[in-house]
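Coordinate analysis (summary)
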Amino acid sequence: MRILKFGGSSVGTPEALERVVAIIKEKQKEDRLIVVVSAFKGVTNQLFELASLAEEYDSRYEDILTDIEKRHIDTINQVIPVNNRSDAITDFKIMLNELENVLKGVSLVQELSNKTRDFVVGFGERFSASILSACLQNRGIDSLYTDTRQLIKTDTSFGAAKVITSTTYMNIKEFIKRNDENVIVATGFISSSEKNESTTLGRGGSDYTASLFGAATGAKMIEIWTDVDGLMTADPRKVERAFSVDYASYEEAMEMSHFGAKVIYPPTIQPVLKLGIPILIKNTFKPEHPGTLIQQKRETVNGNIRGISSIDNIALITIKGSGMIGVSGVAARIFSALAKESINIILITQSSSEHTISMAVMPNQAHAAKTSIELEFSEEIKHDIIDEIRIEKEMSAIAVVGENMRQIPGIAGQVFYALGRNGINVVAIAQGSSERNISFVVDRKNEKKAVNTIHDAFFLSGEKSINLYLVGTGLIGGMLLELLENQKEELRTKYQLDIQLKGLATSRKMLIGESSVSLSDWERELDENGREMSLSKFVEEMKAANLSNSIFIDCTASPDIQTVYEDILKQSISIVSPNKQANSSSMEFYNLLQKTADKHNCAFKFETNVGAGLPIIETIHELVRTGDKVDRIEGVLSGTLSYIFNNFDGLSSFSDVVKTAKEKGYTEPDPREDLNGNDVGRKLLILARVAGNNVEMEDIDIQNLVPEDAREVESVDEFFNKLKKHDDHYNRLQKEASSDNKKLCYIARFENGKGVVKLEKIDDSHPFYNLSGSDNIVAFYTTYYDESPLIVKGPGAGAKVTAAGVISDILRVANTKASNNAGD
Ligand code: ADP
Ligand code: ASP
Ligand code: MG
């Protein structure tokens, strides 16, 4: 004997039903079958709804009924040829008539007892099983429709009745003996009391029906056919990258289902556990997939944890009182008080001080739970032994489940470390006494993030989604997107990073939401679907999405974006920024950002603030980390000024060299923004701060290379006219330098708490003497590098190298997270 159970989605459409027929056809060749079937997908919900509408005398229930009728008749018409369908239609109509009459009665008296509700909602299974059986008979398969109310006997807790197994098993055994059809098609979910009142086994109960049949007949195997590939590492609706496991122990499956893995109804395991009947979960729509085998514990299985489950909405009840310390039996009294009210405790935890006990219950039972605890402990409350009983709603309970966890130390540590790194606050923790489960409570808004975080940490061995939110699509932002598109595959294979652009904004438009923005087609998507840009909305939505491994990237030059940095870091969202504005404003703000990033376990990365993609800031981090002390920093920190002075050799005038630089695109549109030295000053300020100095912009003395009379003039052309008048001055400086075998060099230097940026003459003993092109160079004079400095040199400007530097920062964040913020 083999039991096959088909869930609602497996019989949701005529096409799905055909698949079911094909599967049964194959299987019945080898075994006698009991096929348990659920209602067509969605029908049970509709039945619940129409029962409530009828109770309120709301005639809309008739529309739903018509809809149900049409759907079933259409299915019969599609799966059974016209000449043979009359019996099936008659059977269906008789049942429908019965349902109609009951509903009429309900609406007339406007009263719906739990008993009547159970009767009404059980029709879905009766409809589907009778249609499936008729269809099988039509295909020449010897099949018998069976209403399980005659076999499965329960008490009268309507809604989720308790099975009287002895009678039930006996009934099933006799029934199987009495009938010799090769395929029994049985209704899932429904049962009856000893007085033959209709009862149900609880939502999702058809799985349980299958296991009762399995246990009663001592079946070889119970196959649960559904719409996913098996028991998965997490709920696929919450974790995109969840995958099915090939094996789970009964206990693991039980823990997973208790904590919300809907694929199997929790009581299902119990009847077959002792008998050792295996349960195989299979996908009706992909029968070739091996699915998941649930059976007795195997000694050798891979991995420490099997899966993560979560209950989306629970209430946490906390009992607090100093008097509880050392008093034994408190937990036991809570259990029995709640059991009396049939309140299910999902999780219970006692703080180490024994000061508080918290327990999770379903929200609709929270109030009753509180009342019954108050009653049980009324004496203690009167004598202030218990000070407070508190209910917190809008919480989620999450369980990490795995048979092997008990042998491996540190799993809990890994779980909570991963959560902490993503800024998820854990409200209560409980480790099941079986050590097969670590469960904890978080705010409901963090549920999805928490489950994904743990899933990534345990199952994707390094592979993780990185969710980017980019503001600014100019030269650097645009190039960043292009490089990311080109390198996407390599990032996936080489670094196991799955880059997702979750939000994109320009100064005018923004695109942010559930789905990712295309890295290749972002311009069109932004243009067609973008909303008006609002920085605060962008940040709010990014926070609300609450995805793990989120990174905010500021590729603008705007001074406004830094206003949201602190708020972002407080959400444990890392920031990568080529924008220098934040780090070159006050020291206080610089420190605030560093501290916020540290406190919230995220990173603030800005390597590209100085020298584009050159690893300058990282080098300082490395020096400081290894205990070195930076005494002096010297650098040529502007690609433009590097180009200008490397090419100013006396053959052409100074103004001509500046003009050529402008024509080649090396300068800002107005070259005065380069020549005034402010940008170099800001870079020096940032380097000094990263090296551990407390400095403000006022501490940097900058020589402005724009002659005074050229500073105020309006146009760039006029500026060049004025500059020409100063050519003699610059040419003289150049000649003096070269006659001494020296070169002119615009150097930024920080030493003894002071910064100076000025034009200097250097000889060939200076490390910058041979600088060429538009290269940047930085020399660090430190305790370790005292004689000859540590030098970083290379192209320090340009969209491509800067965008590449931003990617390096993204990779650092992805791999190291908080390990090296600038402040440490
Ligand atoms: P059926 O109609 O076949 O009884 P259910 O809807 O009751 O199907 O259960 C299957 C669904 O359970 C899947 O579609 C999936 O979305 C959900 N689910 C939740 N957690 C898990 C999990 N850990 N593994 C597999 N499925 C899960
Ligand atoms: N049809 C019932 C429900 O929707 C039982 C089941 O699907 O297992 O709850
Ligand atoms: Mg189900």
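Along each chain, the written sequence defines residue order, and numbers are assigned to residues from 1. Chains carry letters from A onward and ligands carry numbers from 1 onward, assigned in written order. Reporting in this predicted model follows two pLDDT cut-offs: at least 70 for local features of residues, and 80 or more for side-chain atom pairs to be given and counted; totals over whole chains, interfaces and linings ignore these cut-offs and use all residues. Each side-chain value is worked out from all heavy atoms of the structure, with water and hydrogens disregarded.

**Observations regarding the overall build of the protein chain**
Looking only at helices and strands, one finds 29 helices and 30 strands in the protein chain. The size measure is the radius of gyration over C-alpha atoms, and the globule rule it meets is 2.2 Å times the number of residues to the 0.38 power. For 824 residues, the compact-globule estimate of 2.2 N^0.38 gives 28 Å, and the C-alpha radius of gyration of the protein chain, at 36 Å, exceeds that figure by more than 25%. For the C-alpha atoms alone, the extent of the protein chain along its principal axes is close to 115 × 75 × 55 Å. Across the 824 residues of the protein chain, 55% fall into the buried class. Only heavy atoms enter the contact rule, under which two residues are in contact if any of them lie within 4.5 Å. Summarising the internal contacts of the protein chain: among those between residues at least 6 apart in sequence, 73% fall at separations of at least 24. The accessible surface values rely on the Shrake-Rupley method and a 1.4 Å probe; as for residues, cover is taken only from the protein chains in view. With an accessible surface of roughly 35,600 Å², the protein chain has 47% of that area assigned to carbon and sulfur atoms. Charged side chains in the protein chain number 93 positive and 116 negative. The centres of these two groups are separated by 3 Å. Only runs of H or I of at least four residues qualify as helices and only runs of E of at least two qualify as strands under DSSP, and these elements are numbered from the N terminus. Throughout this description, buried means an accessible area under 20% of the type-specific maximum (1.4 Å probe, protein chains only), exposed means over 50%, and partly exposed covers the range between. Positive charge is attributed to Lys and Arg, negative charge to Asp and Glu, and no charge count is given to His or to the chain ends. Think of each charge as sitting on NZ of Lys, CZ of Arg, CG of Asp or CD of Glu.

**A closer look at the site of ligand 2**
All residues adjacent to ligand 2 are Ser 38, Thr 44, Glu 125, Phe 189, Arg 203, Gly 204, Gly 205 and Ser 206. Within the contact set of ligand 2, an oxygen atom lies 3.4 Å away from a backbone nitrogen or oxygen of Gly 205. Pairs of N or O atoms are called polar contacts if they sit within 3.5 Å, as long as, within protein, a hydrogen donor faces a hydrogen acceptor (for residues adjacent in sequence, only side-chain-to-side-chain pairs). Between ligand 2 and Ser 206 there is a distance of 3.0 Å, counted from an oxygen atom to a side-chain nitrogen or oxygen. Coverage of ligand 2 by the protein amounts to 86% of the 260 Å² it exposes when considered alone. Here a residue is considered near a molecule or strand provided that any single heavy atom belonging to it is located within 4 Å of it.

**Let's talk about the packing of aromatic side chains**
Working definition: a ring pair exists when centres of Phe, Tyr or Trp rings (six-membered ring for Trp) sit within 6.5 Å. Plane angles under 30 degrees give stacked, over 60 give edge-to-face, the rest tilted. A full pass over the atoms with the stated rule returns 17 aromatic pairs. Note on Phe 416 and Phe 440: the rings are 5.5 Å apart at their centroids and 70° apart in plane angle, and the pair reads as edge-to-face. Here Phe 440 lies in strand S17 (residues 437-443) and Phe 416 lies in helix H14 (residues 411-421), a separation of 24 residues in the sequence. Ring centres of Tyr 469 and Phe 538 lie 6.3 Å apart, and the angle between their planes is 85°; on these two criteria the pair is classed as edge-to-face. Of the two residues, Tyr 469 is situated in strand S18 (residues 464-471) and Phe 538 in helix H18 (residues 535-545); the sequence distance between them amounts to 69 residues. The pair formed by Tyr 469 and Phe 538 is uniform in burial state, with each residue classed as buried. The criterion is that NZ of a Lys, or CZ of an Arg, lies within 6 Å of the ring centre and within 35 degrees of the ring normal, and then a charge sits over that ring. It is Arg 126 that lies over the ring of Phe 123; its NZ or CZ is 4.3 Å from the centre. Its guanidinium or amino end placed over the ring of Tyr 781, Arg 632 lies 3.9 Å from that ring's centre, counting from NZ or CZ.

**So, the sheet that holds strand S12 (residues 307-320)**
Strand pairing in a sheet relies on backbone hydrogen bonds. The paired strands run either parallel or antiparallel. Within the open sheet, the six strands sit side by side as S13-S14-S12-S15-S17-S16. Their pairing is antiparallel. Of all the strands in the sheet, the pair left with one neighbour each is strand S13 (347-350) and strand S16 (426-431). Strand after strand, the sheet turns through a mean of 30° between neighbouring axes, direction not considered. In this scheme, strands are said to pair when DSSP sees at least two bridges between them. Of the strand pairs in this sheet, S13 and strand S14 (residues 356-361) are connected by four bridges, and their pairing is antiparallel. Across the sheet, the residue bridging to Leu 347 is Ala 360, located in S14. Here an angle of 0 to 180 degrees is reported between the N-to-C directions of two axes, which are lines fitted to C-alpha atoms, with helices fitted over the stretch in contact. Against the sheet, H14 engages strand S15 (388-401), S16 and S17, with an angle of about 20° to S17.

**With respect to the pattern of salt bridges**
Any Lys or Arg side-chain nitrogen found within 4 Å of a carboxyl oxygen on Asp or Glu counts as a salt bridge. The full count for this structure, using the stated rule, is 58 salt bridges. We note a salt bridge from Glu 376 to Arg 333, for which the minimum N-O separation is 2.9 Å. Of this pair, Glu 376 sits in helix H12 (residues 363-376) while Arg 333 sits in helix H11 (residues 330-340), and the two are 43 residues apart along the sequence. The exposure class assigned to Arg 333 is partly exposed, which follows from its relative accessible area of 27%. One continuous salt-bridge network, built from bridges that share partners, spans Arg 632, Glu 634, Arg 749, Glu 751, Lys 758 and Glu 760.

**So, the site of ligand 1**
In the vicinity of ligand 1, 18 residues are found, and the nearest of them are Gly 8, Thr 226, Asp 227, Met 232 and Lys 262. Within the backbone of Met 232, an N or O atom sits 2.8 Å from a nitrogen atom of ligand 1. At 3.2 Å from an oxygen atom of ligand 1 is found a side-chain nitrogen or oxygen belonging to Arg 237. Relative to its unbound accessible area of 570 Å², ligand 1 is 89% covered by the protein chains. Under the scheme applied here, ten amino acids are nonpolar (Ala, Val, Leu, Ile, Met, Phe, Trp, Tyr, Cys and Pro), four are charged (Asp, Glu, Lys and Arg), and all others, including Gly, are polar. Classifying every residue of the shell around ligand 1 by side-chain character gives eight nonpolar, five polar and five charged.

**Some thoughts on the pairing of strand S28 (residues 754-762)**
With three bridges connecting them, strand S26 (residues 700-702) and S28 associate as parallel partners. For Ile 700, the partnering residue across the bridge sits in S28 and is Gly 755. With antiparallel pairing between neighbouring strands as the criterion, strand S27 (residues 743-751) and S28 make up a hairpin whose turn holds two residues, including Asn 752 at a positive phi of roughly 50°.

**Quick look at a nonpolar patch on the surface**
A contiguous nonpolar surface patch, about 370 Å² in accessible area, is contributed by Tyr 57, Leu 108 and Val 109. Among the secondary structure elements, Leu 108 is positioned in helix H4 (residues 86-109). Residue class for Leu 108 comes out exposed when judged on its relative accessible area of 64%. Two joining distances apply to patches: 9 Å for like charges and 5 Å for nonpolar side chains (Val, Leu, Ile, Met, Phe, Trp, Tyr), and every residue must have over 30% relative accessible area and no salt bridge.

**Details of the packing of helix H2 (residues 43-55) against H4**
Closest axis-to-axis distance for the H2/H4 pair is 7 Å, and the angle between their directions is 40°. The orientation of H2 with respect to H4, classified from their angle, is oblique. Every residue of H4 that contacts H2 at Leu 47, Leu 50, Ala 51, Ala 54 and Glu 55 is listed here: Leu 99, Leu 103, Val 106 and Ser 107. Here the contact of H2 with H4 is composed, by residue class, of seven nonpolar, one polar and one charged. These descriptions rest on fixed angle ranges, namely under 35 degrees for roughly parallel, over 145 for roughly antiparallel, 65 to 115 for roughly perpendicular, and the rest for oblique.

**Things to note about the state of the cysteines**
Defined simply, a disulfide is a covalent bond joining two cysteines at their sulfur atoms. Disulfide: a pair of cysteine sulfur atoms within 2.5 Å of each other. The full count for this structure, using the stated rule, is zero disulfides. With no disulfide of its own, Cys 555 has Cys 602 as its nearest cysteine by sulfur position, at a separation of 18 Å. Taking relative accessible area as the criterion, Cys 555 reaches 11% and is therefore assigned buried.

**Details of the packing of helix H7 (residues 165-178) against helix H8 (residues 206-217)**
Taken N-terminus to C-terminus, the directions of H7 and H8 make an angle of 70°; their axes are 9 Å apart at the nearest point. Considered as vectors, H7 and H8 are oriented roughly perpendicular to each other. Residues Thr 165, Tyr 169, Ile 172, Lys 173 and Ile 176 of H7 form the contact with H8, whose own contacting residues are Leu 212, Phe 213, Ala 215, Ala 216 and Thr 217. When grouped by side-chain class, the residues that make up the contact of H7 with H8 number seven nonpolar, two polar and one charged.

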